Amino acid sequence: FVGLSHQPVGLGALAWFGLVPLMFVYNRITELKHFIIVGFIWGHSYYVTIIFWLATNIGTTPIIGFVSMLAAVCFLALNIIGISIIIWFLKKQYPKQWFWFFPIIWTSMEYVRSYGSLAFPWTALANTQLDFLILVQNAEITGMYGISFWIVLVNILIFNYLIYPFRENALILFL
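Quick summary incoming for the structure in this document. Remember, predicted model here, so these are calculated numbers, not experimental data. (Residues numbered from 1 in each chain as written. Predicted model: local features only at pLDDT ≥ 70, side-chain atom pairs only at ≥ 80, totals over all residues. Heavy atoms only, no water.)

### Overview of the packing of helix H1 (residues 20-28) against helix H3 (residues 62-93)
To characterise two packed helices, one gives the angle between the axes of the helices and the distance between these axes. Packing of H1 against H3 leaves a shortest axis separation of 11 Å and a crossing angle of 45°. Taken together, H1 and H3 sit at an angle that is classed as oblique. Classified by chirality, the crossing of H3 by H1 is right-handed. Across the interface between the two elements, Tyr26, Asn27 and Arg28 of H1 pack against Ile80, Ile83, Ser84, Ile87 and Lys91 of H3. Counted by class, the contact of H1 with H3 contains 4 nonpolar, 2 polar and 2 charged residues. (Axes fitted to C-alpha atoms, helices over the stretch in contact; angles between N-to-C directions. Helix = DSSP H or I, 4+ residues; strand = E, 2+ residues; numbered from the N terminus. Parallel < 35°, antiparallel > 145°, perpendicular 65-115°, else oblique. Left-handed = near helix turned anticlockwise from the far one by under 90°. Contact = heavy atoms within 4.5 Å. Nonpolar A, V, L, I, M, F, W, Y, C, P; charged D, E, K, R; others polar.)

The structure is reproduced here in structure tokens:
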């Protein structure tokens, strides 16, 4: 779902709940190899959905475009694998609260990914909200990473409510 929320499809509202299924998968698995496999599969499907345009729009032959897209997808999927490994570690340390760290981890990974010679900031979650002008204007205050943080936090609040559906959690979700 989250990959479809990026442009040019423009289904930005999907980003607000699209990470919840990934959280359910993280919640069910315990072994490091499973976290790596989930990161690999989810990362590849997520980034192929986002940067499919790279294969046709870089002004080269189709085969070189396709190979460069696959290389970019493999490189970017390492971010999700890294997030998965960090989540595995945190889940071992904090079995009941691990998911509250997810917005910080995701946003930090987006921030780190935007620096250096291999920077790729175009896949940030904040970019999914380009069709929502009032929301995007908050980037002036929080920056694009603040918007990404809020998107992931709302996903975590939804996940928390679905795991622990108590009245107190519903209040947290709607505040």
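### Description of the nonpolar core
In terms of nonpolar packing, the biggest core is built from 39 residues, with Leu19, Tyr26, Ile83, Phe102 and Trp106 touching the most fellow members. Of all the secondary-structure elements, those providing two or more residues to this core are H1, helix H2 (32-50), H3, helix H4 (102-113) and helix H6 (139-163). Of the residues forming this core, the biggest block, 9 residues, is contributed by H3. Once you skip the residues sitting within four places of it in the chain, Phe102 turns out to touch Leu19, Leu22, Met23, Tyr26, Ile83, Ile87, Val152 and Ile156. (Core = buried A, V, L, I, M, F, W, Y, C linked by side-chain atoms within 4.5 Å. Buried < 20%, exposed > 50% of the residue type's maximum accessible area, 1.4 Å probe, protein only.)

### Things to note about the packing of aromatic side chains
Aromatic ring pairs are reported here in terms of the distance separating the ring centres and the angle at which the planes meet. For the structure on display, the rule yields 18 aromatic pairs. Taken together, a centroid distance of 5.0 Å and an interplanar angle of 75° make the contact between Phe24 and Phe159 edge-to-face. Of this pair, Phe24 sits in helix H1 while Phe159 sits in helix H6; the two residues are 135 residues apart in sequence, bridging distant segments of the chain. Relative accessible area serves as the criterion here: at 29%, Phe24 is assigned to the partly exposed category. (Phe/Tyr/Trp six-rings, centres within 6.5 Å; stacked < 30°, edge-to-face > 60°.)

### Quick notes on H6
Taking 1.5 Å as the rise per residue, H6 with 25 residues should run 36 Å; its terminal C-alpha atoms sit only 31 Å apart, a clear shortfall. Along H6, the sharpest kink reaches roughly 70°, centred on Tyr145. All of the buried residues along H6 are Gly146, Ile147, Ser148, Ile151, Val152, Leu153, Asn155, Ile156, Leu157, Phe159 and Asn160. (Expected span 1.5 Å × (residues − 1). Bend = angle between axes of the 7 residues up to and from the residue.)

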